[in-house]
Amino acid sequence: MTSAACSIKPTLSSRYFFTDAVYACWEEILNNTKGSLFMVAAMAAFSIEDMLIKSAAETTSIGLILALFGLGGMLIFILLTWRKGETVLHPAALSKPILLRALCEVIGRFCFALAITLTPLSSASAILQATPLIAMIGAALLFGEQVGHKRWLAVLVGFVGVLMIIRPGLDGFEATSLFAVIATLGFAGRDLATRAASPVLSNMQLGVYGFFVLIPTGLAILMYQNEPLQFSTTAATQILGAIVFGVMAYNALTIAMRAGDVSVVSPFRYTRLLFALALGILIFGESPDLLTLLGSLLIVLSGGYTLIQTRKRTTTNNIPNAA
C-alpha cells in the first residue's frame, strides 16, 4: 500500500504532473528502503549488545555492567550532543515526562539485563517483542488514541503468545522469565513518556539522560550486593562492545524512523527476534522448544497485524485530506 503521494492520479492540468508523481513515488520507495535497512541493522546491533551483556554477566555483577554501560553510553551521547551544538543540561530534563521516562528506563534496562542473564536470550527477546502492543494500549488509555476491535484482538493474541513462552502454572514455567515481562512494561512506559516529552529535547539529549540513570542504578545494586568485584579483561571488552553496538543501534533506529514511513519501517523491528534466536543457538547453545517458537510467532504476527491496521487507518484518513 502506498501513501497519499503515490495514490494521486495524474491529470492534464500540468504537463509535468506525471513526471513529478513518479519522482515522488520513487523517492518514497528509496526512503522506505533506506529506513527498513537501517531498522534491520539496528535490531542486529541490539541483539549483539544483548549477547555481549549476557556473556559479561557470567563473570561480572549486573550492577557493574549497568554502571559502566550507562557511563560509556552517556559520554558518547554527550559528545554527539555537543557536536550538534546543543546543551546537555536542558531545563526540560527535569520535567515530569522525562523523570517518568528515566524511571521506566531503569526498570526496563535492569529487568531485561536480568532476563537475558537468567533465561535464554531467545525467549527473553521474544517476550520483548510485545512492547509495541503494550505501548498501543497505553496510547489508547493515556492519549485517547482510537483502537478498533481488530487491533484489540491482535493484542490479545500477542499476550497469548507471551503466556505460551512463560507458561505460568506448567512444568516449564520459570519465575525468572517474569523479568522479561516487567522489562517489556518498562520499555513501553519509556516509549509513552518519550512521546509525552517536550519536543525541544533532541534524541541525543534523551540518549544522555537515558544512559545517565543507569549509572546510579548500577552503583546502588553493587552496594546492595556488597560482594567483591570481579572484573576481567574479557568482561571489560564485552561491556565496551555492548556500549559501541548499543549506540550504533540507537543511531540506526533514529535514522530508520526518520527516513521512511513509520508503518512501513516499524515491522522490521521483529527481525530482532530472528537475530536473538540465531545468537542464542550459535553462541549459547540454546534450543527453543516448539511452544516457545509458536508463542514467538504469535507475538510477531499480532504486532505486525496491528501495524498494518494502523497504516490502513492512517492512509484512509490522509487520502481525503490530499484530494
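Residues numbered from 1 in each chain as written. Predicted model: local features only at pLDDT ≥ 70, side-chain atom pairs only at ≥ 80, totals over all residues. Heavy atoms only, no water.

## Quick word on the confidence of the model for the chain
Residues at a pLDDT of 70 or more form 85% of the chain, whose mean pLDDT is 83. Of all helices and strands in the chain, the one with the weakest mean pLDDT is helix α1 (residues 4-7) (50), whereas helix α3 (residues 62-83) scores best (93). Considering only residues more than four positions removed or in separate chains, one finds that residues 7-12, a stretch of pLDDT under 50, has seven contacts. When the criterion is pLDDT under 50, residues 319-323 qualifies, and its contacts beyond four places in sequence or with other chains add up to three contacts. (pLDDT = per-residue confidence, 0-100. Helix = DSSP H or I, 4+ residues; strand = E, 2+ residues; numbered from the N terminus. Contact = heavy atoms within 4.5 Å.)

## Some points on the packing of helix α6 (residues 131-142) against helix α8 (residues 178-196)
Running from amino to carboxyl end, α6 crosses α8 at an angle of 50°, the nearest separation of the two axes being 8 Å. The angle between the axes of α6 and α8 places the two elements in the oblique class. The way α6 lies across α8 gives a crossing that is right-handed. Across the interface between the two elements, Thr131, Ile134, Ala135, Gly138, Ala139 and Leu142 from α6 touch Thr184, Leu185, Phe187, Ala188, Asp191, Leu192 and Arg195 from α8. In the contact of α6 with α8, the residues fall into eight nonpolar, three polar and two charged. (Axes fitted to C-alpha atoms, helices over the stretch in contact; angles between N-to-C directions. Parallel < 35°, antiparallel > 145°, perpendicular 65-115°, else oblique. Left-handed = near helix turned anticlockwise from the far one by under 90°. Nonpolar A, V, L, I, M, F, W, Y, C, P; charged D, E, K, R; others polar.)

## As for helix α9 (residues 203-212)
One full turn of an α-helix is made of 3.6 residues, so residues set three or four places apart face in the same direction. Of all 10 residues in α9, eight are buried, a share of seventy percent or more. Regarding α9, the residues found buried are Met204, Gln205, Leu206, Gly207, Val208, Tyr209, Gly210 and Phe211. Against the buried residues of α9 lie α3, α4 (96-118), α8, α10 (214-225) and α11 (233-259). (Buried < 20%, exposed > 50% of the residue type's maximum accessible area, 1.4 Å probe, protein only.)

## A closer look at the pattern of salt bridges
Under the counting rule described, the total for this entry stands at seven salt bridges. Among the ionic pairs, Glu49 bridges to Arg109, the shortest N-O distance being 3.0 Å. Pair noted here: Glu49 is in helix α2 (residues 17-56) and Arg109 is in helix α4, with a separation of 60 residues, a long-range link. For the pair Glu49 and Arg109, one class covers both residues: buried. A salt bridge links Arg109 to Glu105, with the shortest nitrogen-to-oxygen separation between them at 3.1 Å. One end of the pair, Arg109, and the other, Glu105, are both in helix α4, four residues apart, so they sit about a helical turn from each other. (Salt bridge = Lys/Arg side-chain N within 4 Å of Asp/Glu carboxyl O.)

## Brief notes about the side chain of Gln238
Topologically, Gln238 is positioned in helix α11. The class for Gln238 is buried, based on a relative accessible area of 16%. Setting aside chain neighbours within four positions, we find Gln238 in contact with Leu52, Ser55 and Ala56.

## Topic: helix α7 (residues 149-166)
If you check α7, its first and last C-alpha atoms are 26 Å apart, about what 18 residues at 1.5 Å a residue would give, namely 26 Å. Three or more residues of α7 are buried, namely Arg151, Ala154, Val155, Gly158, Gly161, Val162, Met164, Ile165 and Ile166. Backbone geometry just downstream of α7 places Arg167 in the positive-phi region, at approximately 50°. (Expected span 1.5 Å × (residues − 1).)

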